[in-house]
Amino acid sequence: MLLKNRKLVVATNNKHKLREIEEILNGFEIIPAKEVLKEFNPEENGRSFCENAFIKAKALKEHTEFPVLADDSGLEVFALGGEPGVFSSRYSEDGSDEANLKKLLLNLKGINNRKARFVCCMVLVFGDRVIKKEGFVYGSITEKPRGKSGFGYDPVFVPDGYDKTFAEMGEKEKNSISHRRRALELIKGELEAIYG
Ligand code: IMP
């Protein structure tokens, strides 16, 4: 299936994500969700990252003729049975980054196995086709937060092969190995095949 224009609606208004998506999917015209739908806030009640990404993509696809790309991501800590997982952004009661981090470190107190991974699922919906791609970055959780850049769980996550947390790296270095980057690279391959 060859499509003529390279417009792609993305189911996010998050500036960081839009920048990262635009940088990787260069050659495509990226349209943010808010240009298609003023209020875009679907309930993310899926049991997996891919289910949530699909919920977002499908909700937006009902309002546009262009292909839609949606993502969902989070942190899985193995010793905690995959927590916080799909609840990453609302792990603690108030859902702030600080409170989420605090709860995570408390739950890991005294636990030696601190292995974890960030997961990102990207879902592309065009016509009646749905393509899902997942990206992972493996690492471990520190005893204390370190670094100021990034967001979410970045201050406690050290990727394998590094000694800096994501928050001690600059945005550029983190984005070059991130779970989102890996999922996007796979989606890019699919898009090139679709658009020719
Ligand atoms: P969402 O994909 O925007 O819904 O992200 C869900 C949550 O996962 C965020 O609020 C963060 O807590 C966490 N998360 C996802 N990606 C990252 C990342 O790259 N760094 C740190 N935290 C992340």
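As a reminder, the structure under discussion sits directly above these lines.
To start, this report covers the structure provided alongside it. Everything numeric here is computed off the predicted structure, so don't read it as measured data.

### Considering the site of the ligand
- Around the ligand, the structure places 14 residues, and the nearest of them are Lys17, Ser73, Asp154, Lys174 and His179.
- Lys174 is positioned with one of its side-chain polar atoms (N or O) 2.7 Å from an oxygen atom of the ligand.
- Protein chains shield 88% of the accessible area of the ligand, which is 480 Å² for the free molecule.
- Those elements that place two or more of their residues in the shell around the ligand are β3 (68-77) and α5 (179-195).

### Regarding the nonpolar core
- Counting 20 residues, the largest nonpolar core has Leu25, Ile30, Leu69, Leu124 and Leu191 as its most contacted members.
- Of the residues forming this core, the biggest block, six residues, is contributed by α5.
- When residues no more than four places from it in sequence are discounted, the contact partners of Leu191 are Leu8, Leu25, Phe28, Leu124 and Gly196.
- Counting 19 residues, the second largest nonpolar core, distinct from the first, contains Val9, Phe49, Leu60 and Val123.

### Some points on the state of the cysteines
- As enumerated under the stated definition, the model contains one disulfide in all.
- The residue that forms a disulfide with Cys50 is Cys121, at a sulfur-sulfur distance of 2.1 Å. Residues Cys50 and Cys121 share a disulfide whose torsion about the S-S bond is about 100 degrees; that sign makes it right-handed. In this pair, Cys50 is assigned in helix α2 (residues 49-61) and Cys121 in strand β4 (residues 115-126), connecting sequence segments 71 residues apart. There is no split in this pair, since Cys50 and Cys121 are both buried.
- With no disulfide of its own, Cys120 lies 7.0 Å from the sulfur of Cys121, the closest cysteine sulfur.
- A residue is classified by how much of its surface remains accessible, and Cys120, at 0% relative accessible area, is buried.

Here is what the cut-offs are and how they apply
- Sequence order as written defines the numbering, with residues in each chain counted from 1.
- Side-chain atom pairs in this predicted model are given and counted only at pLDDT of 80 or more, local residue features only at pLDDT of at least 70, and totals for whole chains, interfaces and linings cover all residues.
- Neither water nor hydrogens contribute to the side-chain values; these are computed over all heavy atoms in the structure.
- One heavy atom within 4 Å of a molecule or strand is enough for the residue carrying it to be called near that molecule or strand.
- Any N or O atom pair separated by 3.5 Å or less is treated as a polar contact, with the protein-specific requirement of one donor-capable and one acceptor-capable atom, and with residues adjacent in sequence counted only for side-chain atom pairs.
- Areas reported here follow the Shrake-Rupley algorithm with a probe of radius 1.4 Å; residue values treat only the protein chains shown as occluding.
- Here a strand is any run of E in DSSP of at least two residues, a helix any run of H or I of at least four, and the numbering for each starts at the N terminus.
- For the purposes of this section, nonpolar cores are sets of buried Ala, Val, Leu, Ile, Met, Phe, Trp, Tyr and Cys residues that join through side-chain atoms within 4.5 Å.
- We call a residue buried when its accessible area falls under 20% of the maximum for its residue type, exposed when it is over 50%, and partly exposed in between, using a 1.4 Å probe and counting protein chains only.
- In this analysis, two residues are considered to be in contact whenever any of their non-hydrogen atoms come within 4.5 Å of each other.
- We call a pair of cysteine sulfur atoms a disulfide when they lie within 2.5 Å.

So yeah, pure geometry; function would need other evidence.
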